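Letter by letter, the chains look like this.
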Amino acid sequence: MRPILLKGHERSITCVKYNADGDLIFTAAKDLVPTLWFADSGERMGTYNGHLGAVWDLDPSWDSVMLVTASADQQVKLWEIETGEELLTYPHPGPVRSVSFDDAGLRFVSCSDKFSDSPHSIQIFEVNRNDP
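Residues numbered from 1 in each chain as written. Predicted model: local features only at pLDDT ≥ 70, side-chain atom pairs only at ≥ 80, totals over all residues. Heavy atoms only, no water.

Novice: So what exactly am I meant to see when it comes to the pairing of strand β1 (residues 13-18) here?
Specialist: Remark: a regular strand shows side chains that alternate across the two faces of the sheet. Strand direction decides the pairing type here: β1 and strand β2 (residues 24-29), joined by five bridges, are antiparallel. Within β2, the residue paired with K17 across the bridge is F26. Between β1 and β2, which pair antiparallel in sequence order, lie five residues; one of them, G22, sits at a positive phi of approximately 80°. (Pairing = 2+ DSSP bridges. Helix = DSSP H or I, 4+ residues; strand = E, 2+ residues; numbered from the N terminus.)

Novice: Could you clarify how one ought to interpret the sheet that holds strand β7 (residues 75-80) in this entry?
Specialist: Strand pairing in a sheet relies on backbone hydrogen bonds, with the paired strands running either antiparallel or parallel. Taken in spatial order, the four strands of this open sheet run β5-β6-β7-β8, and their pairing is antiparallel. One side of each edge strand has no neighbouring strand; the edge strands of this open sheet are β5 (55-60) and β8 (86-91). Strand-to-strand, the axes of this sheet are offset by a mean angle of 15°, without reference to chain direction. Both β7 and β8 contribute to a ladder of five bridges, which runs antiparallel. Bridge pairing in β8 places V76 opposite Y90. (Axes fitted to C-alpha atoms, helices over the stretch in contact; angles between N-to-C directions.)

Novice: Sorry if this is basic, but what is going on with the pattern of salt bridges here?
Specialist: Proximity of charged atoms lets side chains of opposite charge pair with each other. For the structure shown, the criterion picks out five salt bridges. A salt bridge links D59 to K17, with the nearest nitrogen and oxygen atoms 3.6 Å apart. Taken as a pair, D59 in strand β5 and K17 in strand β1 lie far apart in primary sequence, 42 residues in all. Among the charged side chains, a network of salt bridges with common partners joins K17, D57 and D59. (Salt bridge = Lys/Arg side-chain N within 4 Å of Asp/Glu carboxyl O.)

Novice: For this particular structure, what's the right way to read the side chain of N19?
Specialist: Tracing the chain through its elements places N19 in the loop between β1 and β2. At 2.7 Å, the side chain of N19 and the side chain of D23 are in polar contact. (Polar contact = N/O pair within 3.5 Å; in protein donor to acceptor, adjacent residues only side chain to side chain.)

Novice: Explain unusual backbone geometry to me, please; I cannot follow it from the model alone.
Specialist: Apart from glycine, the bulk of residues carry a negative phi angle, and the bulk of peptide bonds sit in the trans form. Of note, the phi angle at L32 is positive, near 80°, even though the residue is not glycine. Tracing the backbone shows L32 in the loop between β2 and β3 (35-38).

Novice: What's the story with the packing of aromatic side chains in this structure? I'm lost.
Specialist: Centre-to-centre distance and the angle between the planes together describe a pair of aromatic rings. Using the criterion set out here, one finds five aromatic pairs in the structure. With a centroid separation of 4.7 Å and 55° between ring planes, the pair formed by Y90 and F125 is classed as tilted. Taken together, the residues span a long stretch of sequence, with Y90 in strand β8 and F125 in strand β11 (residues 121-126) at a distance of 35 residues. Taken together, the ring pairs connect Y90, F101, F108 and F125 into an aromatic cluster. The ring of W56 carries the charged tip of R97 above its face, separated from the ring centre by 4.5 Å. (Phe/Tyr/Trp six-rings, centres within 6.5 Å; stacked < 30°, edge-to-face > 60°. Lys NZ or Arg CZ within 6 Å of the ring centre and 35° of its normal.)

Okay, here's the thing in structure tokens:
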């Protein structure tokens, strides 16, 4: 079996994750644009545009409805996976290095770096799945 090559990012890739079903691949990179791919073919399905800094981490919800992204622009963004619509932005005191949904997709946790006078932080956010 030949490997599938995913082409589309313009800078270094920082994170790659499958969704729970294994049919989608999500990538984050220093090019500011999280990307969605079909796992079977490597075809680029779409992008999530809106960050102003390198995207360090991302995590799809268990049901592949929402995506959360962490960026050097001091923001976490919540996206609708299917449409690519940005649902919410969560400002942080420093660059955000890591994000992760809980198993139910009702909350996510984020971790940001120390920046200027602001200390590093770990924050937990509730997600209203009926009206994010």
